[in-house]
Amino acid sequence: MVIINIDGQDYQAREGQNILQACLSLGLNLPYFCWHPAMGSIGACRQCAVVQFQNAEDERGRIVMACMTPVTDGARFSLGGDKASTFRRNIVESLMLNHPHDCPVCAEGGECHLQDMTVMVGHRDRRYRGRKNTHRNQYLGPLIHHEMNRCITCYRCTRYYRDYAGGHDLAAMAAHDHIYFGRHTDGVLENEFAGNLVEVCPTGVFTDKTLVQHYTRKWDLQSAPSVCVGCAVGCNTMPGERYGKLKRIHNRFNAEVNGYFLCDRGRFGAGFVNSPQRLDYAAARNADGSYDAIQPDAALKLAAELLQPDNKLAGIGSPRASLESNFLLQQLVGAGNCSPGFSALDHALIPYTLQLLQQSPARIASLQDIESADAVLVLGEDVTNTAPRIALALRQAVRSRAFELAAELKLEPWQDAAVRNLAQNQRSPLDSYLSAESKLDDIARHCIRCNPEQIADHANAIVSALNGGTADSDSASDIARSLLAARRPLIVSGSGAQSAAVLEAAAAIVNALHRVNPATMISLSVPECNSLGAALLSSDVSPSIAALAERAVKGDIDTLVILENDLTRRCSPQTLALLYDNISNIIALDALDTATVSEAALVLPCATFADSEGTLVSSEGRAQRYFPVISTTLDRQPGWYWLLQLGRAARRDDFAELLHFDAVSAACAAHYGQLAAISAAAPLHDFVSHGLKVPRQPHRYSGRTAMRANVSVQEPRQTQDGESPLAYSMEGLNRDQGGLLPFVWSPGWNSNQAVHKFQSEAGGPLRGGSAGVRLLDETTDSSGSPAAKPGLPETGQWLLVPRYRIFGSDELSVRSEVIAELAGEPLLELNAADAASLGLGQDDALCIEGAAAIAVRINDSLPGGCIGFSAGYEATRSLVAGSRVAVSKAVDWASSRSQIISSDGGSRHV
Amino acid sequence: MFEAVFSQFRSIWRILGHSFSRAETVQYPEQKPYLAPRYRGRIVLTLDPDGEERCVACNLCAVACPVDCIALQQGVREDGRWYPEFFRINFSRCIMCGMCEEACPTYAIQLTPDFEMCEYQRQSMVYEKEHLQIAGTGKYPDYNFYRVSGLKIAGKDKGEALNEASPIDIRSLMP
Ligand code: SF4
Ligand code: SF4
Ligand code: SF4
Ligand code: SF4
Ligand code: FES
């Protein structure tokens, strides 16, 4: 800590910061535009000007940019003096010369950093009488709306999109004041993280298109801390609600997890919450297969019959349901009768992944750790499409080399332009063994393409090289050398390749490396938001879905409870037929209508992540809690609540004590040693901040006495929330409760930049601590090898390898309208030589094992003998990764490939 | 003593004197008082001079309202205009303060000199858009927000708003 003097007063500041960061950390309001805590300074906007004095005698001083000036001991500044404030006011005035008169029709209004800064500097009247420059907008796809007139040329967008996220199709274009930020031509933005432009751009140039069509101002959004359910990374989010609809997802800062950024699946993939396919009421099936909506108590009465004590019960949980729901299901039907609900392959792989993480002596990398790695090896996991936010973190990891070089020259890491200039193309090594191309290839040193079996072989060669042996290939010894030389090496793998051998080999590398370097890190991806949680709850006695089907055939199951799981995605139609034909009493709980729900005798409508609470375990082993943003409506209830009611209906004593969510969570923690900490994942329901619950609504939430007036002018009491520490109210203080952050706002700071007011220092972790608790930090010694690998069919010579897509492979997000549009059609990919051998062209299709034809795409990055199939699509459900199949060219195939995004065709709003 | 008695008589005299002055009370409702156009009574939504809906659903009136009795939802028309999908004022809560009119950037919402809003049912005090919308411009006959704003709508391209230069050709290198 050093002393700096601002406006005659001494303050303590941390060395290594810049003056802007120091001022903000001290709570002083200094306007800025181009500086971003995750992207550093470039001094482009000239907004953060302060006056620096040579010494106590110097009275004139000189104007410097605070964001470009390092903190030095004894430095003297003036922030509030006339010279600096006039300069800053003039800067805003000049930025406003061409600014359109748009605030009322601008989706940034009310959370606009430009509005905030304009008010902060006191600029009010437009003196310039000339005409305003105007621009034409571009069509950037169904996710992001472009309104170029509002740009203030701060360059944040291109710095984020190109430098930070590695995108190529957005740039600063044209000369002098013609400058334009956009694509070279209209088209969908290619980068998977483009949605962050909405939050990065300090003005309304880039806004959330899904929000603009049914817009609500930030001050009217009711929100709560939540966790993304798009994948297992567990990014922290702040969904916003108005009039019972989920309006948007914003990033919730968590220094250890997602920092300032989300991926587009997470940001735009929550539309399923508003889907017309949501289940509204409980329903009982009639003899003819139709359903009648029934009252909740009638449903529970029916359930009581189905769950009576002499009925043999079984349950299928879900890797997309919360720990609490899965736990209660297990209690209801008994652990030995409860399947975790994985697919046949995952049933062996996910628990094995968990086991490797538990046994691993190395640290399980958080996203923050990933960013700090200085050598990365990716084994078989296409993270851009299975755990997208990890890919963005890996892009930062390869910059470790740049920061090393900068440190040698005593450059601060935030001196962005200097550091990038210095490093040019020098990167820390990132090597990947994948079965096809990936979006990270542009920053990778070695990209080796081979099938999963070969990946494991290569990895074992690296292990022997690490142990001092010789590797059989140059690349393997090269990789081993750089892993050994690194200070913080990281191995990234996961269940995506659907191969236990790959996982085993990854763990072997980590173990070998950890013996020489205890700072070694591991990151293993799993597919769904609570895959790891479901694995933590399962044990050797947990049956697979297929095992349950066998029991059903034997007549050992009378009633089956299926929790938030669409079984058609998990197992073959044959297995399902065995289940459905032999069990007449199926109770299905789900939020959305699925093929599985239509098989149930009793359907109970569940809440989603947006209208319930629950705990999820991310692939980092971090237990995190999400809270309801919307109060439950119709007869929808959280899964855990329905299961509690089912337990009561079945007159189960162990359910009598469990009255609240916290009690369920505590019971779950008490049952499983590994989950002991989950109650601490977030404050309990009785938590109060400054004497009150934490408000979900900002203090300027409008329309409270008119919102429901069309139904009844009598205003009901605010919905009470006895289950969480949050209130459906604007009363209370939103301050310093750490991860329990429903929204960010601070006086004068209406935009998301207000988050620095909640951080321990600008850009640092939240005051009150980061959200979630890590569960797997202690190495446990559970021994074991992968559970028996299910026999894979080998009917032909073509090896099936899964190809994931950020939009399309995930079950829930693809039920959001915009994501469905971007998902595209399922494909089979193979390289040109293989295609030629089958007589296939670009517009042909293939039939696998005589099944329906699927379009072919020639992709030369695939190794020979492999067919990549789009994972998670209905048409590819029957394909089992790792099996070898026979294929034939489809006859009479008419390609239906569509070229344009249908919904708005680019015309609207341009 | 004398002064006190005199003051009593003086008061009585003056009061009696009022018996012959002109009465201020009017025979409401038969007789209606004059109310200035700026009087703050029943709220209306107006049209712009082109006859299009003026409200752009910016929500500023709603947030300015101290009793929070305005609720609306924005939508986007085919022609690019923002408009309220619904617009509701709960007049049983409204205190006729005029803050919404002050806040409105388009002159859409205006208070009128009509205060006669008695109802037997409180529910009838809830006005929807169709009850609020009038067919004219109200007090401000000239203002048209979209002529000033930079948003492109059907019939007004980029660069055609007040004080705007025509769109930049970004491929040009001319100064
Ligand atoms: S970018 Fe900000 S200042 Fe500009 S029109 Fe939008 S809300 Fe107003
Ligand atoms: S588009 Fe936004 S982020 Fe990009 S330069 Fe303009 S104002 Fe800055
Ligand atoms: S990386 Fe995963 S958790 Fe994070 S935002 Fe994307 S889908 Fe959600
Ligand atoms: S302030 Fe005016 S334009 Fe905005 S929503 Fe209210 S009435 Fe409409
Ligand atoms: S924030 Fe310092 S110049 Fe832009």
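Small disclaimer: the values here were computed from a predicted structure and weren't measured.

Here we take up the pairing of strand β16 (residues 313-316) of chain A. Residue and element names in this part refer to chain A. On β16, burial covers both faces: Leu 313 and Gly 315 on one face and Ala 314 and Ile 316 on the other are all buried. Where β16 lies against strand β24 (residues 559-563), four bridges are found, and the strand directions are parallel. Bridge assignment links Ile 316 to a residue of β24, and that residue is Ile 562. Where β16 and strand β17 (residues 338-339) come together, two bridges link them in parallel fashion.

In this section: the confidence of the model for chain A. Mean pLDDT for chain A: 93, with 97% of residues reaching 70 or above. Throughout residues 902-910 of chain A the model reports pLDDT below 50, and contacts reaching past four residues in sequence, or to other chains, amount to 20 contacts.

Residues and elements named next belong to chain A. Among the nonpolar cores identified, the biggest contains 131 residues, and Leu 20, Tyr 160, Phe 206, Val 376, Leu 394, Leu 490 and Phe 609 are the most heavily contacted of them. Take this core: its biggest share by element is six residues, from helix α13 (residues 388-397). If we ignore the near neighbours within four places in the chain, the residues touching Leu 394 are Ile 370, Val 376, Val 378, Val 383, Leu 430, Leu 440, Ile 443, Leu 490 and Val 492. Leu 307, Ile 364, Trp 642 and Leu 644 belong to the second-largest nonpolar core, a separate cluster that totals 94 residues.

Residues and elements named next belong to chain A. Around ligand 3 sit Cys 228, Gly 230, Cys 231, Val 233, Gly 234, Cys 235, Cys 263, Arg 265, Gly 266, Pro 388 and Arg 389, and that is every residue in its neighbourhood. Mapped by element, the contributors of at least two residues to the shell around ligand 3 are α7 (264-268) and α13. Within the shell around ligand 3, the residues separate by chemical class into six nonpolar, three polar and two charged.

Take the sheet that holds strand β21 (residues 447-449) of chain A next. All names here are of chain A. Judged by pairing direction, the sheet is parallel, and its six strands sit side by side in the order β18-β23-β22-β19-β20-β21 without closing on themselves. The open sheet is flanked by β18 (363-364) and β21, the only strands paired with a single partner. Here strand β20 (residues 430-434) pairs with β21 via three bridges, running parallel. Bridge pairing in β21 places Leu 434 opposite Arg 449. Across the sheet, helix α16 (residues 452-466) touches β19 (375-379), β20 and β21, and the angle it forms with β20 is around 145°.

What follows concerns the site of ligand 1. Close contacts around ligand 1 come from A:His99, A:Asp102, A:Cys103, A:Cys106, A:Glu108, A:Gly109, A:Cys112, A:Leu114, A:Gln115, A:Arg150, A:Thr203 and A:Gly204, and that covers them all. Classifying every residue of the shell around ligand 1 gives four nonpolar, five polar and three charged.

Time to look at the interface of chain B and chain A. Every contact between the two is made by 56 residues of chain B and, on the other side, 55 residues of chain A. Here chain B and chain A share an interface that buries about 4400 Å² over both sides, 51% of which is from carbon and sulfur atoms. When residues of chain B are sorted by the area they lose upon contact with chain A, B:Asp68, B:Trp82 and B:Ile168 head the list and together hold 15% of the total. Counting across the interface, chain B meets chain A through five salt bridges.

All names here are of chain A. Once the domains are mapped, chain A shows domain 1 (2-95), domain 2 (282-346 + 533-682), domain 3 (363-386 + 402-519) and domain 4 (798-909). Each of domain 1 and domain 3 has a C-alpha centre, and these two points are 40 Å apart. For the pair domain 1 and domain 3, the two sides together bury roughly 560 Å², of which 57% comes from carbon and sulfur. Of all residues in domain 1, Gly 16, Ser 41 and Ile 42 bury the most surface against domain 3, accounting for 46% of the area lost on that side. Scanning the region where domain 1 abuts domain 3 turns up zero salt bridges. In this structure, the connection of domain 1 to domain 3 is made through three residue pairs in polar contact (both at pLDDT 80 or more). Classifying every residue of the side of domain 1 that touches domain 3 by side-chain character gives five nonpolar, seven polar and no charged.

Residues and elements named next belong to chain A. Within the secondary structure, Ser 78 is located in strand β5 (residues 76-78). What makes Ser 78 buried here is its relative accessible area of 10%. At 3.2 Å, the side chain of Ser 78 forms a polar contact with the side chain of Asp 7. At 3.1 Å, the side chain of Ser 78 and the backbone nitrogen of Gly 81 are in polar contact. Setting aside anything within four residues of it in sequence, one finds Ser 78 in contact with Asp 7, Val 50, Val 51, Phe 53 and Ala 84.

The rules behind each value
- Residues numbered from 1 in each chain as written.
- Chains lettered and ligands numbered in written order.
- Predicted model: local features only at pLDDT ≥ 70, side-chain atom pairs only at ≥ 80, totals over all residues.
- Heavy atoms only, no water.
- Buried < 20%, exposed > 50% of the residue type's maximum accessible area, 1.4 Å probe, protein only.
- Helix = DSSP H or I, 4+ residues; strand = E, 2+ residues; numbered from the N terminus.
- Pairing = 2+ DSSP bridges.
- pLDDT = per-residue confidence, 0-100.
- Contact = heavy atoms within 4.5 Å.
- Core = buried A, V, L, I, M, F, W, Y, C linked by side-chain atoms within 4.5 Å.
- Near = heavy atom within 4 Å.
- Nonpolar A, V, L, I, M, F, W, Y, C, P; charged D, E, K, R; others polar.
- Axes fitted to C-alpha atoms, helices over the stretch in contact; angles between N-to-C directions.
- Buried area = accessible area lost by both parts, 1.4 Å probe.
- Salt bridge = Lys/Arg side-chain N within 4 Å of Asp/Glu carboxyl O.
- Domains from an automatic or database assignment.
- Polar contact = N/O pair within 3.5 Å; in protein donor to acceptor, adjacent residues only side chain to side chain.

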